[in-house]
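In case you want the letters, here they are:
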Amino acid sequence: MAKRTLAGLDVSGKTVLVRVDFNIPIEQGVEAIASYDQRLRATLPTIRNLQGRNCRIVLCSHLGRPGGKFVESLRLAHVGARLEILLGQPVTCLPDCKGPEVEAAVAAARPGDVLLLENLRFHAGEEANEPGFAQALAKLADCFVMDAFAVAHRTHATTVGVPGLLPSSTGLLVEREVQALRVTLDVKEENKPLAALMGGAKVADKILILENLLDRLDHLVIGGGMAVTFLHAMGKPTGASA
């Protein structure tokens, strides 16, 4: 089924809720954010596209694994401060992601303004895809843009619940990722050899992708945390990382 792209979504004069992926390694300290801001930079084209279309932009993301509780060290304010620098304009960081105070702040925003909701996973309803939580988020906006490719496979409120409640589309980052996958899956013999570099920490999330790619690949390179799983399976010493 074809997905509606950002160009096909009517956003003029509206409030747009954008699911982004700002899950960066905050545990290394706020000073390190500038060194790990690739995920923030990747969302800039979508944000700037929306800014040029006369709408208010409300960003939402998770950060870490707070387990449905407010965890001071996992607040998004420091991430928002870095986004301000990258955008070159103020980003309003809100104290929560739902409720009257948040609704009032969003209602007071002007076209072109960028607001950042607090960590979605401070509420258990995000990962549980609770209808009430999805409705509270949807109440903030007129339409929804999915620009967090890394979590698009999860059954969460912002990946499944909210898109079912608002007119929705993919963002420019997701469009680029999908196009890259399409090119890989449709690769022609004349464009070979084809190699893939797989990284990250969660092998379980990537098994299906690997199974679909193996017959198409000439070379597969495993790096990052994934490599530990393969080394362990080969009987290599991996210490506490096994």
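This section reports on the structure supplied with the text. Computed from a prediction, not measured in an experiment: that's the story for all the values here. (Residues numbered from 1 in each chain as written. Predicted model: local features only at pLDDT ≥ 70, side-chain atom pairs only at ≥ 80, totals over all residues. Heavy atoms only, no water.)

### Topic: the overall build of the protein chain
Then step 1. Helix and strand content of the protein chain: nine helices and eight strands.
Then step 2. Once the C-alpha set of the protein chain is aligned to its principal axes, its extents read approximately 55 × 45 × 35 Å.
Then step 3. Counting only residues that meet the buried cut, the protein chain has 41% of its 242 residues in that class.
Then step 4. For the protein chain, restricting intrachain contacts to residue pairs at least 6 apart in sequence, the fraction spanning at least 24 positions comes to 73%.
Then step 5. Surface exposure of the protein chain reaches about 12,500 Å², of which carbon and sulfur atoms provide 55%.
Then step 6. Between the centroid of the 26 positive side chains of the protein chain and the centroid of its 26 negative side chains there is a distance of 1 Å. (Helix = DSSP H or I, 4+ residues; strand = E, 2+ residues; numbered from the N terminus. Buried < 20%, exposed > 50% of the residue type's maximum accessible area, 1.4 Å probe, protein only. Contact = heavy atoms within 4.5 Å. Areas by Shrake-Rupley, 256 points an atom, 1.4 Å probe, with all protein chains shown as cover. Lys, Arg positive; Asp, Glu negative; His and termini not counted. Charge placed at Lys NZ, Arg CZ, Asp CG, Glu CD.)

### Focus on the nonpolar core
Then step 1. Formed by 30 residues in total, the largest nonpolar core has its most connected members in V16, V18, F22, L50, L59 and L83.
Then step 2. In this structure, L17, L94, L117 and A157 belong to the second largest nonpolar core, which totals 24 residues. (Core = buried A, V, L, I, M, F, W, Y, C linked by side-chain atoms within 4.5 Å.)

### What to know about the pattern of salt bridges
Then step 1. Per the stated rule, a full pass over the model turns up nine salt bridges.
Then step 2. Two residues, D37 and R82, come together in a salt bridge whose shortest N-O distance is 2.9 Å. Taken together, the positions of D37 in the loop between β1 (15-19) and α1 (38-51) and R82 in helix α2 (residues 77-87) put the pair 45 residues apart, joining distant regions of the chain. For the pair D37 and R82, a shared accessibility class is recorded, and that class is buried.
Then step 3. Among the salt bridges present, the one from R75 reaches E72, with a minimum N-O distance of 3.2 Å. (Salt bridge = Lys/Arg side-chain N within 4 Å of Asp/Glu carboxyl O.)

### Re the sheet that holds strand β3 (residues 91-93)
In sheet architecture, strand pairing relies on hydrogen bonds along the backbone and comes in two forms, parallel and antiparallel.
Then step 1. The strand order across the open sheet formed by six strands is β3-β4-β2-β1-β5-β6, and the pairing between neighbours is parallel. The sheet terminates laterally at β3 and β6 (168-170), the two strands that pair on one side only. With direction set aside, neighbouring strand axes in the sheet form an average angle of 25°.
Then step 2. Of the pairings in the sheet, the one linking strand β2 (residues 56-60) to strand β4 (residues 114-116) comprises three bridges and is parallel in character. Paired with I57 across the two strands is V114, which belongs to β4.
Then step 3. Set on the sheet, α2 makes contact with β2, β3 and β4; between it and β3 the angle comes to about 175°. (Pairing = 2+ DSSP bridges. Axes fitted to C-alpha atoms, helices over the stretch in contact; angles between N-to-C directions.)

### Remarks on the side chain of R56
Then step 1. Along the chain, R56 falls in strand β2.
Then step 2. Here R56 occupies a buried position and makes no salt bridge, while the nearest side chain of opposite charge, D142, is found at 4.6 Å.
Then step 3. Looking at R56, its side chain comes within polar contact range of the main-chain oxygen of G13, at 3.0 Å.
Then step 4. Once residues lying within four places of it in the same chain are set aside, the contact partners of R56 are G13, K14, T15, V16, V106, A109, R110, P111, G112 and D113. (Polar contact = N/O pair within 3.5 Å; in protein donor to acceptor, adjacent residues only side chain to side chain.)

### Observations regarding the side chain of D37
Then step 1. A relative accessible area of 3% means that D37 is categorised as buried.
Then step 2. If sequence neighbours within four positions are ignored, D37 has contacts with R82 and L86.

### What to know about the packing of aromatic side chains
Then step 1. Evaluated as defined, the whole model comprises one aromatic pair.
Then step 2. Here F70 and F122 contribute two aromatic rings whose centre-to-centre distance is 4.7 Å and whose plane-to-plane angle is 45°, an arrangement assigned as tilted. Placement of the pair is F70 in the loop between β2 and α2 and F122 in the loop between β4 and α4 (124-127), with a sequence separation of 52 residues. (Phe/Tyr/Trp six-rings, centres within 6.5 Å; stacked < 30°, edge-to-face > 60°.)

### Let's talk about the pairing of β2
Then step 1. Counting buried residues along β2, five of its five residues qualify, which places the element largely inside the surrounding structure.
Then step 2. Burial along β2 is two-sided: the face carrying R56, V58 and C60 and the face carrying I57 and L59 are both buried.
Then step 3. As paired strands, β1 and β2 are joined by five bridges and run parallel to one another. Residue pairing for β2: V18 is matched across the bridge by L59.
Then step 4. Considered for its hand, the β-α-β crossover made up of β1, α1 and β2 is right-handed. (Right-handed = clockwise from strand over helix to strand, strands pointing away.)

### Re a nonpolar patch on the surface
Then step 1. Taken together, the side chains of F149, V178, L181 and L185 make up a nonpolar region of the molecular surface, amounting to roughly 270 Å² of accessible area.
Then step 2. When its relative accessible area of 32% is taken as the criterion, V178 is described as partly exposed. (Patch = residues over 30% accessible without salt bridge, like charges linked within 9 Å, V, L, I, M, F, W, Y side chains within 5 Å.)

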